[in-house]
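Close look at the chain arrangement
Now for the letters of each chain:
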Amino acid sequence: MTATLDSADTDYTDLIEGIAAFVKRKVVPLEEANRELLENPRLTFDEKGGYSAPVLDLMRQVREASAAAGYYAMFAPEELGGEGLGALALFCVWEGLSHLVGPGRLLPDQVIGHWTSGPSFLLGEVHPSLRDGVVQEVMSGAATVCFGMSEPDAGSDAWAMSTRAVRDGDSWVLNGTKQWTSNSAHGKYAFVWAVTDDQKRRDRTGGITLFLVPTDTPGFAVDSVLRLFEHVGGNETILSLSDVRVPDTHVVGAVDQGFALALQGVSNGRMYNAGHCVGMAKWALEEANRYTTVRTAFGNPIADYQGVSFQLADCAIEIYASKTMSVDCARRLDRGEKARKELNIVKAYTTEACFRIFDRCMQVCGGMGLTNEMRFVSGWHFARMVRIADGTGEVMRRNIANSLRKGDLGF
Ligand SMILES: Cc1cc2nc3c(=O)[nH]c(=O)nc-3n(C[C@H](O)[C@H](O)[C@H](O)COP(=O)(O)OP(=O)(O)OC[C@H]3O[C@@H](n4cnc5c(N)ncnc54)[C@H](O)[C@@H]3O)c2cc1C
């Protein structure tokens with residue numbers, strides 16, 4: 001452990017301390033007992049590029065233990081056994097967990113149900129007949145899901161999706177290709193968005209339906225794992241659906257109304273990303289601050305030189321700005337405000353600031369900053385990635401500009 005948890009300006013301090021104690025008690029011993037497996041990429045991933053079976057088993061153990069301790073499903077609806085916690089809690093617990101563990105550790109990330117792969121508000125939209133099966137499996141951490149919206153020709157412009165679902169008797173038949181779907185090589189179920197009324201889709205008034213698809217359904221295939229940053233494996237895939245048949249009960253929410261559910265998921269994701277980025281950035285600044293006070297050059301600790309210390313000061317400025325804007329935005333969302341402009345600002349700013357912070361922290365640590373040992377590179381990869389996932393910085397600016405044009409100039 002390299003850092004303490006401190007979200008003292010919120011009401012979630014006890015919860016975060018509970019999570020920290022859980023990580024220490026349950027997760028760290030698993031990490032220590034499986035260090036080679038978790039740190040040697042040739043063991044972490046299998047030959048197809050997905051996580052290897054022993055790693056998936058460790059992840060499941062953490063999820064199930066966390067669910068039993070009451071943490072894993074805290075963002076799922078209360079009627080399903082979750083806590084139904086809101087945006088501020090989402091920001092704070094991810095900030096706290098990321099600050100505590102830093103980048104590049106697979107198992108701690110399993111403690112809290114991730115919005116794309118774990119229990120989320122979407123489970124509340126699943127047909128009641130599936131509650132004892134699918135929903136319980138996901139709530140308990142035994143099974144995971146994935147979030148299949150993006151496609152090869154529909155990323156930023158998700159309305160351009162072309163996966164189709166056609167009704168056939170009591171079933172729906174799905175055909176199409178999804179891309180970038182995180183956890184799809186490992187999830188037991190996939191949330192898949194598909195066009196069910198093309199005219200409504202073109203008019204952007206609806207026409208997209210959400211389906212819950214068991215990934216062992218005939219016709220569902222993971223075609224390839226997408227590898228990023230020269231890693232030997234990855235968590236995102238391209239998957240294809242060829243005449244995938246699901247019953248009517250696997251429609252999630254209402255027919256033709258799935259796009260709103262996707263947007264709600266993505267909004268959750270933006271607050272999750274803000275928490276993750278602020279926590280990671282705090283971790284990085286502490287590491288760099290510690291190193292630069294002990295490393296000497298030209299007879300003095302390098303922190304004595306403004307060329308170094310001002311870079312750390314810039315990190316502090318951006319962390320404070322990131323955190324205060326995130327907390328303000330989360331409070332607005334929890335009050336029921338849409339806060340569209342603010343949420344887009346938060347996503348753009350916190351992810352871009354996190355990237356700059358990791359870059360500066362690497363720079364002030366010199367060659368050591370580039371080593372695997374210091375783990376900045378992992379955080380830098382993470383921060384680079386979240387400037388694109390969940391909506392790019394340019395799309396955030398497009399959305400902010402649209403709000404301004406509609407007259408939302410208040411702060
Ligand atoms: C690691 C990772 C995990 C992901 N996980 C998931 C997942 O689980 N489920 C899922 O559905 N999707 C997922 N995604 C997909 C993600 O949401 C998309 O990558 C993202 O929306 C951008 O789409 P794109 O990659 O197709 O880029 P494109 O849409 O092709 O954009 C390319 C460039 O054009 C810019 N651009 C596009 N439109 C505009 C505009 N109007 N104005 C200015 N610039 C513009 C973009 O900002 C970008 O710089 C993931 C992506 C990554 C990288």
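Residues numbered from 1 in each chain as written. Predicted model: local features only at pLDDT ≥ 70, side-chain atom pairs only at ≥ 80, totals over all residues. Heavy atoms only, no water.

1. A word on the pattern of salt bridges
Definition in use: In the sections that follow, a salt bridge refers to a side-chain nitrogen of Lys or Arg positioned within 4 Å of a carboxyl oxygen of Asp or Glu. To qualify as a helix, a DSSP run of H or I must reach at least 4 residues; to qualify as a strand, a run of E must reach at least 2; elements of each kind are numbered from the N terminus. For the exposure calls, accessible area comes from a 1.4 Å probe over protein chains only, and a residue counts as buried if that area is under 20% of its type's maximum, exposed if over 50%, partly exposed in between.
Scanning the entire structure with this criterion turns up 26 salt bridges. Here aspartate 198 ties to arginine 164 by a salt bridge, and the two come within 3.5 Å at their closest N and O atoms. Residue aspartate 198 is located in helix H7 (residues 198–203), and its partner arginine 164 is located in strand E2 (residues 164–168); the two are separated by 34 residues in the primary sequence. The partly exposed category is assigned to aspartate 198, whose relative accessible area is 23%. Between aspartate 256 and lysine 200 there is a salt bridge, with its nearest N and O atoms 3.0 Å apart. Residue aspartate 256 is located in the loop between strand E8 (251–252) and helix H8 (258–294), and its partner lysine 200 is located in helix H7; the two are separated by 56 residues in the primary sequence. A relative accessible area of 10% means that aspartate 256 is categorised as buried. According to the relative accessible area criterion, lysine 200 is partly exposed, its value standing at 32%. Residues joined by salt bridges that share partners form a network here, namely Asp328, Arg332, Arg335, Glu337, Lys341, Glu342 and Asp408.

2. Observations concerning the site of the ligand
Applicable threshold: In this text, near means that some heavy atom of the residue lies within 4 Å of the molecule or strand in question. Here a polar contact is recorded for every N or O atom pair within 3.5 Å, except that within protein the pair must consist of a potential hydrogen donor and a potential acceptor, and residues adjacent in sequence are included only if both atoms are side-chain atoms. Each accessible area is a Shrake-Rupley estimate made with a 1.4 Å probe; only the visible protein chains count as cover when residues are assessed.
Within the structure, the ligand sits among 17 residues, and Phe147, Ser150, Ser156, Thr392 and Glu394 are positioned closest to it. One of the backbone N or O atoms of phenylalanine 147 is found 2.7 Å from a nitrogen atom in the ligand. One of the side-chain nitrogen or oxygen atoms of glutamate 394 is found 2.6 Å away from an oxygen atom of the ligand. In isolation the ligand exposes 970 Å². Once the protein is present, 66% of that is buried.

3. A word on the packing of aromatic side chains
Our working definition: Here the aromatic set is Phe, Tyr and Trp, taking the six-membered ring for Trp, and pairing holds for ring centres within 6.5 Å; pairs whose planes are under 30 degrees apart are stacked, those over 60 apart are edge-to-face, and all others are tilted.
A complete count under the given rule lists 11 aromatic pairs for this structure. Geometrically, the ring pair formed by tryptophan 159 and phenylalanine 259 is stacked, given 3.9 Å between the ring centres and 20° between the ring planes. Taken together, the positions of tryptophan 159 in the loop between strand E1 (145–148) and E2 and phenylalanine 259 in helix H8 put the pair 100 residues apart, joining distant regions of the chain. Summarising the burial analysis for this pair, tryptophan 159 and phenylalanine 259 share the class buried. Relative to phenylalanine 358, the ring of tryptophan 283 has its centre 6.4 Å away and its plane inclined at 25°; by these criteria the two rings are stacked. Taken together, the residues tryptophan 283 in helix H8 and phenylalanine 358 in helix H10 (residues 340–364) connect sequence positions 75 residues apart. For the pair tryptophan 283 and phenylalanine 358, one class covers both residues: buried. Three or more aromatic residues joined by ring pairs make a cluster, and in this case those are Trp115, Phe147 and Trp193.

4. Focus on the pairing of E1
Keep this limit in mind: Any two strands with at least two DSSP-identified bridges between them are counted as paired.
Taking every second residue as pointing to the same face, both faces of E1 are buried, with Val145 and Phe147 on one and Cys146 and Gly148 on the other. Sheet analysis places E1 next to strand E4 (residues 189–195), joined by four bridges and oriented parallel. Among the inter-strand pairings, glycine 148 is bridged to a residue of E4, identified as valine 192.

5. Considerations on the domain arrangement of the protein chain
Reports of interface size often rely on the accessible area that becomes lost once the parts have come together. Applicable threshold: Note that domain bounds follow an automatic or database assignment of domains. By definition, the buried area sums, over both parts, the 1.4 Å-probe accessible area that each loses when the two are put together.
Under the domain assignment, the protein chain is made up of domain 1 (13–114 + 131–139), domain 2 (145–256) and domain 3 (260–405). Taken over C-alpha atoms, the centre of domain 2 sits 31 Å from the centre of domain 3. Of all residues in domain 2, the largest losses of buried area upon contact with domain 3 belong to Phe147, Ser156 and Phe229, amounting jointly to 55% of the total for that side. Connecting domain 2 to domain 3 are zero salt bridges. Taken together, the connections running from domain 2 to domain 3 amount to one residue pair in polar contact (both at pLDDT 80 or more).

6. Regarding the confidence of the model for the protein chain
As a reminder, the rule being used: Think of pLDDT as the predictor's per-residue confidence, scored from 0 to 100. Residue contacts follow a heavy-atom distance rule, with two residues in contact if any of their heavy atoms lie within 4.5 Å.
Within the protein chain, residue pLDDT values average 96, and 98% of them lie at 70 or more. Here residues 1–8 is modelled with pLDDT under 50, and outside its nearest four sequence neighbours on either side it reaches 28 contacts, counting other chains as well.

7. Structural notes on the packing of H8 against H10
Note the cut-off: Axis angles are defined between N-to-C directions and span 0 to 180 degrees, where every axis is a line fitted to C-alpha atoms and, for a helix, only to the segment in contact. Every angle not falling under 35 degrees, over 145, or within 65 to 115 is termed oblique; those three ranges are roughly parallel, roughly antiparallel and roughly perpendicular. Crossing handedness is read from the near helix: turned anticlockwise from the far helix by less than a right angle, it gives a left-handed crossing, and turned clockwise, a right-handed one. The residue classification treats Ala, Val, Leu, Ile, Met, Phe, Trp, Tyr, Cys and Pro as nonpolar and Asp, Glu, Lys and Arg as charged. All others, Gly included, are polar.
For the pair H8 and H10, interaxial distance at closest approach is 9 Å and the crossing angle is 20°. Taken together, the axes of H8 and H10 are roughly parallel relative to one another. Between H8 and H10 lies a crossing whose hand is left-handed. Taken together, the residues that form the contact of H8 with H10 break down as 17 nonpolar, six polar and two charged.

8. Things to note about the nonpolar core
Put simply, the rule is: Put simply, buried Ala, Val, Leu, Ile, Met, Phe, Trp, Tyr and Cys residues joined by side-chain atoms within 4.5 Å make one nonpolar core.
Judged by nonpolar contacts, the single largest core of 76 residues is most densely connected at Ile19, Val23, Val111, Ile112, Phe191, Trp193 and Met271. Counting 26 residues, the second largest nonpolar core, distinct from the first, contains Met280, Val308, Cys361 and Phe382.

9. Looking at the side chain of arginine 201
Among the structural elements, arginine 201 can be located in helix H7. In this structure arginine 201 touches Trp159, Ala160, Met161, Val195, Gly206, Gly207 and Ile208, once residues within four positions along its chain are discounted.

10. Digging into helix H4 (residues 53–69)
Going by this rule: Take the number of residues in a helix, subtract one, and multiply by 1.5 Å to get its expected span.
With 17 residues, H4 extends 24 Å from end C-alpha to end C-alpha; this agrees with the ideal 24 Å at 1.5 Å per step. Looking at the buried side of H4, the elements it contacts are helix H1 (13–33), helix H2 (35–39) and helix H3 (41–44).

11. Remarks on the packing of H10 against helix H12 (residues 393–405)
The contact between H10 and H12 brings their axes to 9 Å, and the two run at 150°. Looking at the two axes, H10 sits roughly antiparallel to H12. As H10 runs across H12, the sense of the crossing is left-handed. Side by side, H10 and H12 meet where Arg340, Lys341, Asn344, Ile345, Lys347, Ala348 and Glu352 of the first sit next to Gly393, Met396, Arg397, Asn399, Ile400, Ser403 and Leu404 of the second.

12. Here we look at the environment of aspartate 198
Remark: the alpha-carbon pair of aspartate 198 and glutamine 306, spanning 108 residues in sequence, is separated by 59 Å. Looking at aspartate 198, its side chain comes within polar contact range of the side chain of arginine 164, at 3.5 Å. Of note is the side chain of aspartate 198, whose polar atom sits 2.7 Å from the side chain of arginine 201.

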